[in-house]
Amino acid sequence: MKAVVVRRFGNPDGLEVVDLPVPVPGPGQVRITTEAIGVGGVDAVVRRGTLASYGFREGHLLGSEVAGSIDAVGAGVDASWTGRRVWAFTGLAGGYAEQAVASVDDILPLPEGLTGADAVTVGGSGVVAHFALDRARFAPGETVLVRGAAGSIGITAVQLAARNGAGAVAVTTSSAHRGARLRELGATHVLDRSGAADTDVPSGFDVVIDVVGGSQVPVFLDRLNDNGRYVAVGVVGGQPPADFGMRLMGAFRRSLSFATFSSDTVPRAERRTVRSAQFDEAVQGDLRTVVHEVLPLRQAALAHHAMDAGTVFGRIVLTP
């Protein structure tokens, strides 16, 4: 089968299309013939070598979520799964391929009317956005800033905050065009990447959802209101300064909070419930999915170049 691996860490040109043996599902696993493969920010972080210290090595097969039809099941898996269309989480490996393996506990049937591209656009990111706001104890009437809102996590977070009664939903993004699109999705204020804006914005925010990380984390910590909560859900812009916690300690009397969030810490049953509901909402049009572009698997490097250039709005999807 065709697959895409990280032949060498660094820029997207280090990605290579290779021929690999078709995977065999082990006990408790299913094999999926992919129809859509999500390209996420974590894929770019792995590809750059940022996570090499966590055990990722060159030759790594990228990809964490796919949609497609089950064509084989492993021992202990109900054979009735065969032939069903599903969304699947493959961990942090194995998705950029014509066929992928996933645990039966990490798959979810696709409702009628939901395309594979839409499934991998909201499947992983929607759960992150939902539970990040939950962990931030977001309440109606509060002001929210979504930093790095043009990706699929940010787009979903904007919609969820807006429809759940946020007093204001500010976003950071790289262009007026993107800002206009985010306003259509529920944003009320648009800031540039540095946090500056031409129009009046709230003087502070009760909640910050940060997909970016990087050197400006301390700057945005300063934008929190008293009792404000900052939740980092990604580091696509790199790690924050080693001493960024000094910003919190310096504002000790303001009772600010900083937290990281990974959906891995959410019980599987809760993730399934939220994901299933979001799939239904996407079919009904109550939750908008934004697919930036659909590219063939062999053009995975092109997808990563677009992510590195910051030109993606929504999610790029690969197809075999």
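All values derive from a computational prediction rather than experimental measurement. (Residues numbered from 1 in each chain as written. Predicted model: local features only at pLDDT ≥ 70, side-chain atom pairs only at ≥ 80, totals over all residues. Heavy atoms only, no water.)

Peer 1: How do you make sense of the sheet that holds strand S13 (residues 224-232) when you look at a structure like this?
Peer 2: Two pairing modes exist for strands in a sheet, parallel and antiparallel, and in both the strands are linked by backbone hydrogen bonds. Reading across the sheet, the six strands line up as S11-S10-S9-S12-S13-S14 and stay open at both edges, with parallel pairing between neighbours. Strands at the two margins of the open sheet, each flanked by one partner only, are strand S11 (189-191) and strand S14 (257-260). Each strand of the sheet is rotated relative to its neighbour by a mean of 15 degrees, with strand direction disregarded. Where strand S10 (residues 168-172) meets S11, three bridges bridge the pair, whose relative direction is parallel. Its bridge partner being in S11, Val-171 is matched across the sheet by Val-190. (Pairing = 2+ DSSP bridges. Helix = DSSP H or I, 4+ residues; strand = E, 2+ residues; numbered from the N terminus. Axes fitted to C-alpha atoms, helices over the stretch in contact; angles between N-to-C directions.)

Peer 1: Help me out: how do you make sense of the packing of helix H1 (residues 41-48) against helix H9 (residues 300-309) in this one?
Peer 2: Between two packed helices, what matters for the description is the angle formed by their axes and the separation of those axes. Where H1 meets H9, the axes come as close as 11 Å, and the angle between the chain directions of the two elements is 95 degrees. Judged on the interaxial angle alone, H9 and H1 are roughly perpendicular. Between H1 and H9, the residues in contact are Asp-43, Ala-44, Arg-47 and Arg-48 and His-304, Met-307 and Asp-308, respectively. (Parallel < 35°, antiparallel > 145°, perpendicular 65-115°, else oblique. Contact = heavy atoms within 4.5 Å.)

Peer 1: Can you help me understand the packing of helix H3 (residues 125-135) against helix H8 (residues 268-284) in this one?
Peer 2: Orientation of H3 relative to H8, taken along the N-to-C sense of each, is 110 degrees, at an axis distance of 9 Å. Taken together, the axes of H3 and H8 are roughly perpendicular relative to one another. H3 and H8 meet at a crossing whose hand is right-handed. For the pair H3 and H8, the contacting residues are Gly-126, Val-127, His-130 and Phe-131 in the first and Glu-270, Arg-271, Val-274, Arg-275 and Gln-278 in the second. Among the residues making up the contact of H3 with H8, the classes are represented as three nonpolar, three polar and three charged. (Left-handed = near helix turned anticlockwise from the far one by under 90°. Nonpolar A, V, L, I, M, F, W, Y, C, P; charged D, E, K, R; others polar.)

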